[in-house]
Protein chains: 2
Amino acid sequence: MSEHEVSLACPAPLANDERILLAHGGGGRLTQRLIEDVFLPAFQNPALETRHDAAECALPSAHLAFTSDSYVVRPLFFPGGDIGTLAINGTVNDLAMSGARPMWLSAAFILEEGLPLATLRRIAASMQHAAAAASVQIVTGDTKVVDQGKADGVFISTSGVGIIEHNLRILPASVRAGDAVLLSGDIGRHGIAVISAREGLAFESEIASDCAPLSAMVLALLEASVEIHCLRDLTRGGLASALNEIAQTARVRIDINEGAIPVSEAVHGACEILGFDPLYVACEGRCVAFVKSTDAERALNIMRAHSVGTGATHMGNVTAGSEGLVTLRTRVGTGRIVDMLSGEQLPRIC
Amino acid sequence: MSEHEVSLACPAPLANDERILLAHGGGGRLTQRLIEDVFLPAFQNPALETRHDAAECALPSAHLAFTSDSYVVRPLFFPGGDIGTLAINGTVNDLAMSGARPMWLSAAFILEEGLPLATLRRIAASMQHAAAAASVQIVTGDTKVVDQGKADGVFISTSGVGIIEHNLRILPASVRAGDAVLLSGDIGRHGIAVISAREGLAFESEIASDCAPLSAMVLALLEASVEIHCLRDLTRGGLASALNEIAQTARVRIDINEGAIPVSEAVHGACEILGFDPLYVACEGRCVAFVKSTDAERALNIMRAHSVGTGATHMGNVTAGSEGLVTLRTRVGTGRIVDMLSGEQLPRIC
């Protein structure tokens, strides 16, 4: 066997101060080394180790949920998380919003030439940590590299497959008049954490992203047979946009109470300084749950038993008679219409 | 009902000369209009129309394949295809390489601010056309927009879920000494088509990409009970890299014959001018099949009955006794080792 073949079988590990080259995306030896040196050790599991184009997954049931998201957050690292934690939790939460048990994730990376390898390693480690916390496996993936200046460090697209074990139709169209609207906790932390990291703003107390997986809490609601009609996580566009989307699709009116919408003092202060309305600021570990009104108290108790739901509130109710309207009763007793986000408040927060 | 609400329910359609704004990725009204005006009409199907975070898919069997790829090809349009056809066929083919029946796709778009809406519409139409041709549905997706200069027009990540209906283990590790190695047709057209579009090269006859779905051909082989041990499509790194990867994983030696590797005269000429070796140039509608030797003739006849396999050949054989070696017998009877692609030959061809 020639020396050359030995080097094929045992490539020198990539040094941490190396940078991403175009050839790391070329499908040849450098791509192979990147996979072997960064991704396989970080995400190790049997499906990934078959080194095949598609992962094979055996299903215990025959109904699945499938979702996909790209993550382009800037900066890559922020208080409470980074693009890696976001890429896992965001996709886990989209599956959870169908009431599915998240199982398998894919991760497709678009890397900018010149990215420090140490940055990629740190992101891969975050992803693995988040995947373990959410009980999912990263079973397949892809890496592309584009020329310097043609991307912004790292973009990650994650897709997810989950198993649906319930017989409910958890969908905007299932929302009906009389439903209780529950909010899982305080809003606005993710958006403020990212914007303060991006702009180098320092508030009195550091505001950390709420980025977290919601699946365990949702599965607990389902196990307790809470009649859930719809779930929605509060990402881009925030609480206001999520409620408007649901109100429009279900053709109902949603009345919410400002006093039942928790906003931390720090987020409230930051929003005042920045001129933002917390109702439109993104979360990455918060959701609304539309449930049968008689199940509301029981659901709240279950949500509050989970770390992501300690601050859960009965925020409002669904009424009939309007096509897609969200109204807010303020703390001082006046009412106003809560509109959908128009234009862009905070670009690239996920 | 106020005028304002009417405008919510019936947004003015996006004009074709509009350009992508950051707010099209903000999760608010403009995101909603982009989805309603471009993606829903292009990809229409019931799963997508639920407008929920994850698509729900009912499975007839309980074993699935799951894959993901990002597409960053430059330019976006090239002879024989565009980034849209590539994004569908590439992911369909990755599923087919597991012997799975491709079923559901997701599409996550990263758009550069300022992208003409007409370009996005054209790509979405290509995707729908390719999806219909491959009998798959685009059931879920996502759109992010990044600032001008932070991406390169459009990047698309597609994931796919397919159903595995066979009991074979179609994997590199299943390859064994004695296997016949079949090639589905002429190589190198995709890479040359893209590079000539990018560099504005004009060859005597236009070279069109071979971009096409391989799933129908693979399913026909499985239906005929051909004993397939491994399949691999010949994308980045080309035939040489695909064979090397398989030889290394299966710890076998693969001997191939140059005379049985079809290369069109046009591709051959272009490679000579550009200094490329066709063995390393990407295809997007070609694969190798490792089959039990006694099934080789029958498999070739089945492959040749499909438009993507008319040029199929018995290109070589697997022998034992070496860890990960690919050898080529040239047309003049000499032999040489075919190495893995080292470095980058053609960046961003998919």
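Residues numbered from 1 in each chain as written. Chains lettered and ligands numbered in written order. Predicted model: local features only at pLDDT ≥ 70, side-chain atom pairs only at ≥ 80, totals over all residues. Heavy atoms only, no water.

Looking at the overall build of chain A
Right, so step 1: Within chain A, the regular secondary structure consists of 10 helices and 14 strands.
Right, so step 2: Taken along its principal axes, the extent of the C-alpha atoms in chain A is 80 × 50 × 30 Å.
Right, so step 3: Entry remark: accessible area of chain A is about 12,200 Å², with carbon and sulfur atoms responsible for 50%.
Right, so step 4: Side chains of chain A carry 26 positive and 39 negative charges; the gap between the two charge centres is 4 Å. (Helix = DSSP H or I, 4+ residues; strand = E, 2+ residues; numbered from the N terminus. Areas by Shrake-Rupley, 256 points an atom, 1.4 Å probe, with all protein chains shown as cover. Lys, Arg positive; Asp, Glu negative; His and termini not counted. Charge placed at Lys NZ, Arg CZ, Asp CG, Glu CD.)

Remarks on the environment of Tyr-71 of chain B
Residues and elements named next belong to chain B.
Right, so step 1: With respect to the helices and strands, Tyr-71 occurs in strand 2 (residues 63-71).
Right, so step 2: Tyr-71 sits in the buried class, given a relative accessible area of 2%.
Right, so step 3: Sequence-wise, Tyr-71 and Ile-83 are 12 residues apart; in three dimensions their C-alpha atoms are separated by 6.8 Å.
Right, so step 4: Those residues in contact with Tyr-71, other than ones at most four positions away along the chain, are Ile-83, Leu-86, Ala-87, Gly-90, Thr-91, Val-154, Phe-155, Ile-156, Thr-158 and Cys-350.
Right, so step 5: Within polar-contact distance, the side chain of Tyr-71 engages the backbone nitrogen of Thr-91 at 3.1 Å. (Buried < 20%, exposed > 50% of the residue type's maximum accessible area, 1.4 Å probe, protein only. Contact = heavy atoms within 4.5 Å. Polar contact = N/O pair within 3.5 Å; in protein donor to acceptor, adjacent residues only side chain to side chain.)

Here's the deal with the relation of the copies chain A and chain B
Right, so step 1: Rotating chain A by 180° and moving it 0.0 Å along the rotation axis overlays it on chain B with an RMSD of 0.0 Å. The transformation just described matches what one would write down for a two-fold rotation axis. The rotation axis passes nearest to the C-alpha of Ala-151 of chain A in chain A, at a distance of 2.2 Å.
Right, so step 2: Mapped onto chain B, 100% of the interface residues of chain A are again interface residues, and the two copies thus contact each other with one and the same surface. (Least-squares fit on C-alpha atoms with pLDDT ≥ 70 in both.)

Some words on the interface of chain A and chain B
Right, so step 1: Between chain A and chain B, the residue contacts involve 85 residues of the former and 86 residues of the latter.
Right, so step 2: Summing both partners gives a buried area of about 7,100 Å² for chain A against chain B, and 53% of it is carried by carbon and sulfur.
Right, so step 3: Viewed at the interface, chain B and chain A are joined by 12 salt bridges.
Right, so step 4: In this structure, the salt-bridge partner of Asp-147 of chain A is Arg-74 of chain B, at a minimum N-O distance of 3.4 Å. (Buried area = accessible area lost by both parts, 1.4 Å probe. Salt bridge = Lys/Arg side-chain N within 4 Å of Asp/Glu carboxyl O.)

Considering the sheet that holds strand 2 of chain B
Right, so step 1: Within the open sheet, the 5 strands sit side by side as 1(A)-2(B)-7(B)-5(B)-6(B). Their pairing is mixed. In this open sheet, the two edge strands, each paired with only one partner strand, are strand 1 (55-58) of chain A together with strand 6 (137-146) of chain B. The sheet shows a mean angle of 20° between the axes of neighbouring strands, taken without regard to direction.
Right, so step 2: Of the strands in this sheet, strand 2, strand 5 (100-112), strand 6 and strand 7 (154-164) of chain B are in contact with helix 4 (residues 83-96) of chain B, which crosses strand 2 of chain B at around 145°. (Pairing = 2+ DSSP bridges. Axes fitted to C-alpha atoms, helices over the stretch in contact; angles between N-to-C directions.)

Digging into the packing of aromatic side chains
Right, so step 1: Under the counting rule described, the total for this entry stands at 6 aromatic pairs over all chains.
Right, so step 2: Between Phe-39 of chain A and Phe-109 of chain A, the aromatic rings sit 4.5 Å apart at their centres with planes inclined by 25°, giving stacked as the arrangement. Of this pair, Phe-39 of chain A sits in helix 2 (residues 29-43) while Phe-109 of chain A sits in strand 5 (residues 100-112), and the two are 70 residues apart along the sequence.
Right, so step 3: For Phe-39 of chain A, a relative accessible area of 6% translates into the label buried.
Right, so step 4: Since its relative accessible area comes to 1%, Phe-109 of chain A is described here as buried.
Right, so step 5: Ring centres 6.3 Å apart and planes at 85° place the aromatic pair Phe-66 of chain A and Phe-66 of chain B in the edge-to-face group. (Phe/Tyr/Trp six-rings, centres within 6.5 Å; stacked < 30°, edge-to-face > 60°.)

With respect to the sheet that holds strand 12 (residues 313-319) of chain A
Backbone hydrogen bonds are what pair the strands of a sheet, in a parallel or an antiparallel way.
All names here are of chain A.
Right, so step 1: Here we have 7 strands laid out as an open sheet, ordered 9-11-8-12-10-13-14, and mixed in their pairing. Single-partner strands in this sheet number two, and they are strand 9 (228-233) and strand 14 (335-337). The sheet shows a mean angle of 25° between the axes of neighbouring strands, direction not considered.
Right, so step 2: In this structure, strand 10 (residues 253-257) lies alongside strand 13 (residues 325-329), joined through 5 bridges in parallel fashion. If you follow Asp-255 over to strand 13, its bridge partner there is Thr-327.
Right, so step 3: Contacting strand 8 (180-183), strand 11 (287-291) and strand 12, helix 10 (residues 296-304) runs over the sheet at an angle of about 10° to strand 8.

A short note on the pairing of strand 9 (residues 228-233) of chain B
Residue and element names in this part refer to chain B.
Right, so step 1: Among the 6 residues in strand 9, 6 count as buried, and that is most of the element.
Right, so step 2: Pairing of strand 9 with strand 11 (residues 287-291), which is carried by 5 bridges, proceeds in the antiparallel orientation. Across the sheet, Leu-231 pairs through a bridge with Ala-289, a residue of strand 11.

Overview of the domain arrangement of chain A
Residues and elements named next belong to chain A.
Right, so step 1: Domain boundaries assigned for chain A yield domain 1 (5-164) and domain 2 (172-337).
Right, so step 2: Taken over C-alpha atoms, the centre of domain 1 sits 29 Å from the centre of domain 2.
Right, so step 3: Across the boundary between the two partners, domain 1 contributes 21 residues, which contact 24 residues of domain 2.
Right, so step 4: Counting the surface lost from both domain 1 and domain 2, the interface buries some 1,800 Å², and carbon and sulfur atoms represent 64% of this.
Right, so step 5: Among the residues domain 1 hides against domain 2, the three largest losses belong to Pro-79, Asn-93 and Met-97. Together they make up 33% of the total.
Right, so step 6: Here Glu-223 makes a salt bridge to Arg-101, at a shortest N to O gap of 4.0 Å.
Right, so step 7: At the junction of domain 1 with domain 2, the criterion picks out 5 residue pairs in polar contact (both at pLDDT 80 or more).
Right, so step 8: If you tally residues by element for the side of domain 1 that touches domain 2, the top one is helix 4 (residues 83-96), at 8 residues. (Domains from an automatic or database assignment.)

Comments concerning the pattern of salt bridges
Right, so step 1: Enumeration over the complete set of coordinates arrives at 36 salt bridges over all chains.
Right, so step 2: Asp-142 of chain A is the partner of Lys-144 of chain A in a salt bridge, and the nearest nitrogen-oxygen pair spans 2.8 Å.
Right, so step 3: A relative accessible area of 3% means that Lys-144 of chain A is categorised as buried.
Right, so step 4: Connected via shared salt-bridge partners are Arg-74, Asp-152 and Arg-348 of chain A together with Asp-147 and Lys-150 of chain B.

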